[in-house]
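Spelled out from the first residue to the last, the chains are:
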Amino acid sequence: MPQFTVNELTEKIKHKIIVENQKDIKDASNKEIYGALASLLIEEIQYNWDTTNKKYKEIECKQIYYLSMEFLIGRLLESNLLNCGLLDITNIALKNLGFDPEQIYALERDPGLGNGGLGRLAACFLDSLASLEYAGHGYGIRYQYGLFEQRFIHGNQIELPDYWLNDGYAWETRKEEESLCIHFNGIVHMFKKNDGNLEFKYENTDKVMAIPYYIPIVGYQNKIINTLRLWSAEPVLNEKMNSTKEVTRYQDLNHQHSIEQISGFLYPDDSTHDGKLLRLKQQYFLVSSSIQHIIQTFKRNHSSSLTCLPEKVAIQINDTHPSMAIPELMRILMDDEGYGWDIAWDITTKVIAYTNHTTLSEALETWPKEMLNQLLPRIYMIIEEINERFCINIWYEHPNLRERIPEMAIIADNQVHMARLAIVGSFSVNGVARIHTEILKNKEMKHFYTLYPDRFNNKTNGITHRRWLLKVNPELSNLITEIIGPEWIRRPKQLISLIKYSKDRSFLEKFYDVKQKNKQKLANLVHQRTGILVDHQSIFDVQIKRLHEYKRQLLNIFRIISIYNDIKNNPNLDMIPRTFIFGAKAAPSYHLAKEVIKLINKVASIVNHDPDIRGKLKVIFLENYNVSLAENIIPAADISEQISTASKEASGTGNMKMMMNGALTVGTLDGANIEIRDLVGDKNIFIFGLTAEEVIHYQQNGGYNAVDIYNTDERVKRILDQLHHGEFGKHDIEFKDIYYHILSHNDPYFVLKDFDPFIEIHNFVEQAYRDQFTWLQMSVTNIAHSGKFSSDRTIQQYASEIWKIKPVYESYP
Ligand code: 26V
């Protein structure tokens, strides 16, 4: 980026405001300043964007495409300024002009184009791809409505639509000239050609236009700008129609509306797969437009035939949601490009790679075969053929697996099993943390692992340290740079040098001051949003993530109730004041999760207003948890609650973000917690509860009885009875669902089983916190080891082990 002086930048902002708003800077609103800055920055980015594209084309390097139904990119102004190397001078210029930079950055709408971990991971990956100089781009959907906005009314979650495009979106460019046509429904005709091969033609399909919007992905101070392409669904233009019948149909408003619905809203349920037709349309819409575009780009940039595609393209599919990329690529290669099955299959299975993000059976995707057949007849035909060849191959080549065919077949029980399709049609299948991959290999996908042992691999998740440390915690970042130099910014593993200072009192004091400042800042935000005063000297105990039974917010709230009961019994209880901070959205149809939200709010309102508690306990449930709120909470966390039922959380990434900001993890041996423990050692993390083996053993053999615990642990009995008798509710019926769910369904997530170990480990936490020197040492040890969890490491592993690519300037100096 051309580097300006503060004065030059100031003049540019002033000029922009005059040209675009016809006013002097002193009369400009924060919103106008935001607009001016974004527009200046886009102009700066444009040049490098163009250069990057030309460079990629010139050197004909391999391109990586990350296909995802979700991208949770967060706000972009501040992070783009940072990556362009303009953040510091912009902050100075704004302050000189009398504006508060933070207020201006906060004006940007946070695009909620994802549910949680899976969508945020996609965004971290794009940041790392560009920052490490890899030619890697994203394809997704430009939903008109992002994830709902959450409000609490009488403690209940209310969902409001998130029309995030209301004021326009500064970072996108509509590329109408690159529109593509997507076909749904219709009938497929099969012809025999003279050469004996088959030819397929489609008739009477419903056509939908896919218009791409480009968003620049700015690499960290390296002039690389990659592209995130988001597709928007629109009706076909009149002039592209072939018959008057078609014209009349497309002029029908209902019809137009049903087309726009395809990119209308993000599905807010990441807990259950419910097999809705619109969701299937969305998936095919993403897949067909992206694959068509990828093929077009390949043809434009290379003179070689599509048999070379695997040398020049890898497509990573983010969970099974885009798994129809496999039959879609087959379709284009065969029906449009004229290849026979075997060549098309060879190309496809060398291009597609699949990442699995969950083993929860409720979330595994299957589609009723009739639905798929009707909506996408040609795609269904191809899936049938893939299935048939797959099953025949097992029968003849792998007789040891013959009996397993019913559990492995892609089409079985009238359903199309998308994970099976993704495994069969790809060259790589990866899990997202070591334990998760092991569970895939040895349990959930074990027969596939027997069949394709080399296909399975692990890529432990990561987070971009540029957003999650450098941007969100500038004071800590400056302190780190002061003591170990700036190397860590480009090589986050260098954070390990902090170990040398983990006992250095003067450094620890400075670290303490930074943490306190961040806590005070969060306390201010809490006060401003909720009116509740929190003591920044109390322990900030944080659980922020989607609300799911397996994540066990319930275990956390049971402990809070237990502490509350202890204080009521003994108002002089000696304890360090605690502030519990929650952030969580529940899927709108997830009844039990919504009950838990209501319960947390109820406990909060009782605890926060009970004079007996005298500031020992505060419970804060912040509304509308999203990326921006996470950015405010994480730098202030003392404790990071990662307490899922072991074996259920594939990886988790909040655990990494909080560790990187010096919070200590209280966690089960699940997901990436295990790898965090391996690095920092048992002394620097608080591990408790059942192991994955134990959980799986109970699930397979029985032997756990929740009622026994209810009958023997008085604390547990009291808490559950409080729920049952309505002590936490106005009405008797409130929270009875939770009570019965635990006791009559034998507590499927082992909340009661892990209750005592959870209380116990927190006694250790409290002891540790009393010795501030030790605590700070533990925090710094965590930060020092957090470099491994930069998504730079993850992306380097995808690059070398799956995609076989090198950074552009390394391979072509
Ligand atoms: C599932 C579904 C089911 C159908 C309806 C829409 C929908 C949307 C999202 C999902 C994804 C569930 C899987 C998921 O989010 N997994 C999370 O992925 C994170 C990144 O790898 C990982 O850290 C979390 O542990 C894992 O739960």
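That block above? That's the structure.
Throughout, residues of each chain are indexed from 1 in the direction in which the sequence is written. Residues qualify for local features only when their pLDDT is at least 70, as the model is predicted, and side-chain atom pairs are given and counted only at 80 or more; totals for whole chains, interfaces and linings, by contrast, use all residues. The side-chain values count all of the structure's non-hydrogen atoms but skip hydrogen atoms and water molecules.

Asker: How do you make sense of the overall build of the protein chain when you look at a structure like this?
Answerer: Each helix and strand counted, the protein chain has 35 helices and 23 strands in total. Principal axes of the C-alpha set define a box for the protein chain whose edges measure 90 × 70 × 55 Å. The contacts of the protein chain with a sequence gap of at least 6 include a subset with a gap of at least 24, amounting to 77%. Every accessible area reported is derived by Shrake-Rupley at a probe size of 1.4 Å, with residue values counting cover from the shown protein chains alone. Accessible surface computed for the protein chain: about 32,300 Å², of which carbon and sulfur atoms make up 49%. His is not counted here, nor are the chain ends, while Lys and Arg score as positive and Asp and Glu score as negative. Where a charge sits is defined by one atom per residue type, namely NZ (Lys), CZ (Arg), CG (Asp) or CD (Glu). Across the protein chain, the mean location of the 91 positive side-chain charges is 2 Å away from that of the 103 negative side-chain charges. Strands are runs of DSSP state E lasting at least two residues, helices are runs of H or I lasting at least four, and both sets are numbered from the N terminus onward. Should any heavy atoms of two residues lie within 4.5 Å, those residues are counted as being in contact.

Asker: For this particular structure, what's the right way to read the sheet that holds strand β21 (residues 639–642)?
Answerer: Sheets are built from strands that pair by backbone hydrogen bonding, the pairs being arranged parallel or antiparallel. Any two strands are treated as partners once DSSP identifies two or more bridges connecting them. The six strands lie next to each other as β20-β19-β18-β21-β22-β23, forming an open sheet whose pairing is parallel. Of all the strands in the sheet, just β20 (617–622) and β23 (686–687) have a single pairing partner and so form its edges. Relative to β20, strand β19 (residues 578–583) is paired through six bridges, and the arrangement is parallel. Residue pairing across strands places F582 opposite F621, the latter belonging to β20. Interaxial angle, 0 to 180 degrees, is taken between N-to-C directions of lines fitted to C-alpha atoms, where a helix line uses only the stretch in contact. Contacts from helix α23 (residues 553–569) reach β18 (539–544), β19, β20 and β21, with the element oriented near 155 degrees to β19.

Asker: So what exactly am I meant to see when it comes to the sheet that holds strand β13 (residues 366–368) here?
Answerer: Sheet architecture is open: three strands sit in the order β13-β15-β14, paired in antiparallel fashion. Both edges of this open sheet fall to β13 and β14 (411–412), since each of them pairs with a single strand only. Alignment of β13 against strand β15 (residues 415–417), held across three bridges, turns out to be antiparallel. Considered in β15, the bridge of T366 is made with H417.

Asker: Would you mind going over the site of the ligand with me for this structure?
Answerer: Contacts to the ligand come from 18 residues, most closely from D269, H357, N461, E649 and G652. What qualifies as a polar contact is a pair of N or O atoms within 3.5 Å, subject to a donor-acceptor requirement within protein and to the restriction that residues adjacent in sequence count only when both atoms come from side chains. Here A650 contributes a backbone N or O atom positioned 3.4 Å from an oxygen atom of the ligand. Here S651 contributes a backbone N or O atom positioned 3.0 Å from an oxygen atom of the ligand. Protein coverage of the free-state accessible area of the ligand, which is 600 Å², stands at 94%. In terms of residue count, the dominant contributor to the shell around the ligand is helix α6 (residues 117–131) (three residues). When residues are sorted by character, Ala, Val, Leu, Ile, Met, Phe, Trp, Tyr, Cys and Pro go into the nonpolar class, Asp, Glu, Lys and Arg into the charged class, and all the rest, Gly among them, into the polar class. Grouping the amino acids of the shell around the ligand by side-chain chemistry returns five nonpolar, eight polar and five charged. The cutoff for a nearby residue is simple: one of its non-hydrogen atoms must lie within 4 Å of the molecule or strand.

Asker: I'm lost on the pairing of β21 in this one. Help?
Answerer: Remark: a regular strand shows side chains that alternate across the two faces of the sheet. Buried means the residue's accessible area, taken with a 1.4 Å probe over protein chains only, is under 20% of the maximum for its type, while exposed means over 50%, and partly exposed covers the values in between. Residues I639 and E641 line one face of β21 and the alternating positions S640 and Q642 line the opposite face, and both faces are buried. Here β18 runs beside β21; their pairing, made up of two bridges, is parallel. By the bridge assignment, V542 is partnered in β21 with S640. Pairing between β21 and strand β22 (residues 664–667): four bridges, direction parallel. Note that in β22 the partner of I639 across the bridge is L664. With respect to chirality, the unit in which β21 leads through helix α26 (residues 654–660) into the neighbouring parallel β22 is right-handed. For crossovers, right-handed means that the path from the first strand over the helix to the second runs clockwise, given strands pointing away from the viewer.

Asker: Quick question: what am I supposed to make of empty space enclosed by the protein here?
Answerer: It is a probe the size of a water molecule, rolled over the atoms, that shows where empty space is left. The definitions used throughout rest on a 1 Å grid laid over the protein atoms alone, on which a cavity is an enclosed set of points accommodating a 1.4 Å probe that cannot get out and a pocket is an open set flanked by protein within 12 Å on both sides along at least five of seven lines; lining residues are those having an atom within 4 Å of a point. Grid points are joined across faces, edges and corners, and a volume is the space filled by probe spheres set on the points. The tally for this structure, following the rule as stated, stands at eight cavities of 30 Å³ or more. Taken as a whole, the largest cavity encloses approximately 180 Å³ of empty space. Residue lining of the largest cavity: 16 residues in total, with I73, L76, S79, D127 and R467 positioned closest to the centre. Of all the secondary structure elements, the ones that give two or more residues to the lining of the largest cavity are α3 (77–84), α6, β9 (206–218) and α19 (465–471). Looking at the lining of the largest cavity residue by residue, the classes come out as eight nonpolar, four polar and four charged.

Asker: Hey, could you run me through the layout of surface pockets in this one?
Answerer: Taken as a whole, the second largest pocket encloses approximately 560 Å³ of empty space. In this structure, the second largest pocket is lined by 20 residues; those nearest its centre are N53, E178, Y214, R229 and T297. Mapped by element, the contributors of at least two residues to the lining of the second largest pocket are α2 (30–59), β1 (63–67), β2 (136–141) and α9 (277–301). A per-element tally of the lining of the second largest pocket places α2 first, with seven residues. Considered class by class, the residues forming the lining of the second largest pocket number five nonpolar, eight polar and seven charged.

Asker: Looking at this structure, how should I read the environment of Q537?
Answerer: Along the polypeptide, Q537 turns up in the loop between α22 (505–530) and β18. For the pair Q537 and K519, spaced 18 residues apart in sequence, the C-alpha to C-alpha distance is 8.1 Å. Not counting residues up to four positions away in its chain, the partners in contact with Q537 are Y512, Q516, K519 and Y769.

Asker: What is the right way to look at α6 in this model?
Answerer: Structurally, the α-helix is built with 3.6 residues per turn, so residues lying three or four positions apart point the same way. Any helix carries an expected span of 1.5 Å times its number of residues minus one. Helix length check: α6 (15 residues) gives 21 Å between terminal C-alpha atoms against 21 Å at 1.5 Å per residue, within 8%. Of all 15 residues in α6, 14 are buried; the element is thus mostly enclosed. Looking one or two places after α6, you find E133, whose phi comes out positive at around 65 degrees.

Asker: Just checking my understanding: could you explain unusual backbone geometry for this structure?
Answerer: It is generally the case that most residues other than glycine have a negative phi and that most peptide bonds are trans. In this structure, E133 takes a positive phi of about 65 degrees despite not being glycine. Within the element layout of this structure, E133 appears in the loop between α6 and β2. Positive phi, close to 45 degrees, is recorded for Q221, a residue that is not glycine. Mapping Q221 onto the fold places it in the loop between β9 and β10 (225–234). Overall, the relative accessible area of 39% leaves Q221 in the partly exposed class.

Asker: It is not clear to me how the packing of α2 against α3 should be interpreted in this structure. Could you clarify?
Answerer: Helix-helix packing is characterised by the crossing angle of the two axes and by the distance between the axes. One way to put it is that α2 packs onto α3 with a least axis distance of 11 Å and a crossing angle of 40 degrees. Relative to α3, the element α2 is oriented oblique. Considering the relative orientation of α2 and α3, their crossing is left-handed. Along its contact with α2, which presents Y34, L37, A38, L41 and I45, the element α3 presents L77, N80, L81 and C84. When grouped by side-chain class, the residues that make up the contact of α2 with α3 number eight nonpolar, one polar and no charged. Oblique is the label for every angle not falling under 35 degrees (roughly parallel), over 145 degrees (roughly antiparallel), or within 65 to 115 degrees (roughly perpendicular). Handedness of each helix crossing follows the sense of rotation of the near helix against the far helix: counterclockwise by less than a right angle gives left-handed, clockwise gives right-handed.

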